[in-house]
Amino acid sequence: MDSTMGGPQDAGLLEAGRRLGHDLCRMTRWERDAGWPTAVLEGFDEALHRRPGRGGADRFERKWLQLRLSALARGRLVADDVTPDLLRELDIEVCPVTRRRLTHGAQGPDDWSVDRLNNDGAYAAGNLALMSAMANRAKGTRGFDEVLALAGAPHATHGLRPDAWRRLAALMLGPAFVDRPRAAPLLPLCAPLPCRSVRLGVQQIQRLFTVHARQQSGKNQLIRRFRASCPSQAALWRLEALAEALHQAFKSLDAEEEPWDVWLRPSTLEALARWNDALGERGQRLAVRLAGEWSSATRESPVTLRTWSLATGGYASRAAGAVGTGADLPIRPAPRPSLSAS
């Protein structure tokens, strides 16, 4: 632990520190560290005085405790929906950015880590992703615009190739534009999104096409499902063209490519853009609603987004204001099967 950590002054952080100290004592066998913030030490000592049975935390509980300790030291907020169970739900075997298998406790570049996709938001369920330590370090404090620019570079930068930066940009898109989704660019959905992260409505549509368009029956189902969103025959033709473009793109994938790579084919993203244009604003909203209903997803609410503390950059310095209106906010996915199981 960092011995230079200072004690937080904010009353909310002080209470969070005491709760963290209590949990560190109760859930782990870690030795008391004099370098912890004062509030953490107070909570730890109080719990130790009560002589609770000290358990052995599993890797999700340890990561949760480490995340809270790191956030506290920087004055960052951790929402109540960030729990060990959330980390279990987010758990994956392969880094979505580098596509290398994740390790646990090896202290290497492929070790699993938790990242805030929107650096201006708090630690909240809809703002988190698991990725390798290497990908997390490369991202650092970079915002979406810088990551997207690196995706267009002709060479690797900061240890990541352009295709890895492109996948990171896809992960960051929903959280980066959570309070202004209509300003978001249309990007290839070239990586699996974290199961609890907010995503733009169009990303949920892309996911459904990725899951279903490979098979002829799935392609036909997509057309039936989204037909109601088409305000004209021209829009319906473009929907059919999009489904066919995805269907053909799957046939062209190489053995080492993943299903998400179909969106890197120019024909697929162009077909999506043409259909989107033909829908118009009302049709676009209806298509997003249909995608949400199919996926059992719900639209994010301003109340939920207050836990991100976007007005304070994810810090605890002052209360966050209201964010957007419900009709314009991204959607929050329900628990869902992985792509391979769909």
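Residues numbered from 1 in each chain as written. Predicted model: local features only at pLDDT ≥ 70, side-chain atom pairs only at ≥ 80, totals over all residues. Heavy atoms only, no water.

Engineer: I'm lost on the overall build of the chain in this one. Help?
Structural biologist: When you go through the chain residue by residue, the secondary structure sums to 12 helices and 4 strands. Looking at the chain as a whole, 51% of its 342 residues are labelled buried. Within the chain, contacts between residues at least 6 apart in sequence are counted, and of these 65% link residues at least 24 apart. Looking at the chain as shown, the accessible area adds up to about 15600 Å², and 50% of this sits on carbon and sulfur atoms. (Helix = DSSP H or I, 4+ residues; strand = E, 2+ residues; numbered from the N terminus. Buried < 20%, exposed > 50% of the residue type's maximum accessible area, 1.4 Å probe, protein only. Contact = heavy atoms within 4.5 Å. Areas by Shrake-Rupley, 256 points an atom, 1.4 Å probe, with all protein chains shown as cover.)

Engineer: Even after reading the chapter, I still don't get the side chain of Thr157, so can you show me in this structure?
Structural biologist: Counting through the fold element by element, Thr157 comes out in the loop between α6 (144-151) and α7 (162-176). Polar contacts involving the side chain of Thr157 include one to the side chain of Trp165, which spans 3.1 Å. Filtering out sequence-adjacent residues up to four positions away, Thr157 remains in contact with Leu150 and Trp165. (Polar contact = N/O pair within 3.5 Å; in protein donor to acceptor, adjacent residues only side chain to side chain.)

Engineer: I keep staring at the pattern of salt bridges and nothing clicks. Help me out?
Structural biologist: If the charged atoms of two oppositely charged side chains come close together, the side chains can form a pair. What the rule picks out here adds up to 25 salt bridges. When the shortest N-O distance is used, the salt bridge between Asp85 and Arg88 registers 2.6 Å. Placement of the pair is Asp85 and Arg88 together in helix α4 (residues 84-90), with a separation of 3 residues, close to one helical turn. Residue Asp85 is classed as exposed on the basis of its relative accessible area, which comes to 52%. Here Glu281 makes a salt bridge to Arg285, at a shortest N to O gap of 3.7 Å. On the criterion of helical spacing, the pair formed by Glu281 and Arg285 is a turn pair, its members being 4 residues apart in helix α11 (residues 266-295). (Salt bridge = Lys/Arg side-chain N within 4 Å of Asp/Glu carboxyl O.)

Engineer: So what exactly am I meant to see when it comes to the pairing of strand β1 (residues 112-116) here?
Structural biologist: Successive residues of a regular strand alternate their side chains across the two faces of the sheet. By the criterion of burial, β1 is predominantly enclosed, with 5 of the 5 residues buried. Side-chain alternation along β1 places Trp112, Val114 and Arg116 on one buried face and Ser113 and Asp115 on a second face that is also buried. Relative to strand β2 (residues 128-132), β1 is paired through 5 bridges, and the arrangement is antiparallel. Within β2, the position partnered with Val114 by the bridge is Leu130. (Pairing = 2+ DSSP bridges.)

Engineer: What is the right way to look at the packing of helix α1 (residues 11-27) against helix α2 (residues 38-49) in this model?
Structural biologist: Helix packing geometry: the angle between the two helix axes and the distance between the axes. Between α1 and α2, whose axes approach to 6 Å, the crossing angle comes to 45 degrees. When the axis of α1 is compared with that of α2, the two are oblique. Both α1 and α2 take part in a crossing whose hand is right-handed. For the pair α1 and α2, contact is made by Leu14, Gly17, Arg18, Leu20, Gly21, His22, Leu24 and Cys25 and by Ala39, Val40, Glu42, Gly43, Phe44, Ala47 and Leu48, respectively. For the contact of α1 with α2, the per-class residue count stands at 9 nonpolar, 4 polar and 2 charged. (Axes fitted to C-alpha atoms, helices over the stretch in contact; angles between N-to-C directions. Parallel < 35°, antiparallel > 145°, perpendicular 65-115°, else oblique. Left-handed = near helix turned anticlockwise from the far one by under 90°. Nonpolar A, V, L, I, M, F, W, Y, C, P; charged D, E, K, R; others polar.)

Engineer: How should I be thinking about the packing of aromatic side chains in this particular structure?
Structural biologist: By convention here, two paired aromatic rings are described through the distance between centres and the angle between planes. Following the criterion strictly, the structure yields 7 aromatic pairs and no others. Taken together, a centroid distance of 6.3 Å and an interplanar angle of 55 degrees make the contact between Phe209 and Trp275 tilted. Residue Phe209 is located in helix α8 (residues 201-212), and its partner Trp275 is located in helix α11; the two are separated by 66 residues in the primary sequence. There is no split in this pair, since Phe209 and Trp275 are both buried. Ring pairs connect the aromatic residues Phe209, Phe226, Trp275 and Trp294, which therefore count as one cluster. (Phe/Tyr/Trp six-rings, centres within 6.5 Å; stacked < 30°, edge-to-face > 60°.)

Engineer: Just to check I follow, could you spell out α6 for this structure?
Structural biologist: Since one α-helical turn is 3.6 residues long, residues separated by three or four positions face the same way. Taken residue by residue, α6 has Phe144, Val147, Leu150 and Ala151 as its buried positions. What you see down the axis of α6 is that its buried residues fit within an arc of 125 degrees, all on one side. Across α6 from its buried face, at more than 90 degrees, point the exposed residues Asp145 and Ala149. Looking at the packing, one finds that the buried side of α6 touches α7. (Arc of directions from axis to C-beta.)

Engineer: Explain the side chain of Gln203 here, please?
Structural biologist: Inspection of the secondary structure puts Gln203 in helix α8. Accessibility expressed as a relative area gives 3% for Gln203, which makes it buried. Discounting residues that sit within four places of it in the chain, Gln203 has contacts with Ala170, Leu173, Gly174, Leu189 and Leu193.

Engineer: In this structure, what is going on with the environment of Pro175? I would like to understand it.
Structural biologist: One can find Pro175 in helix α7. On the basis of relative accessibility, which here comes to 0%, the residue Pro175 falls in the buried class. Considered as a pair, Pro175 and Leu200 are 25 residues apart in the sequence and their alpha carbons are 8.5 Å apart. In this structure Pro175 touches Leu117, Asn118, Gly126, Asn127, Val198 and Trp308, once residues within four positions along its chain are discounted.

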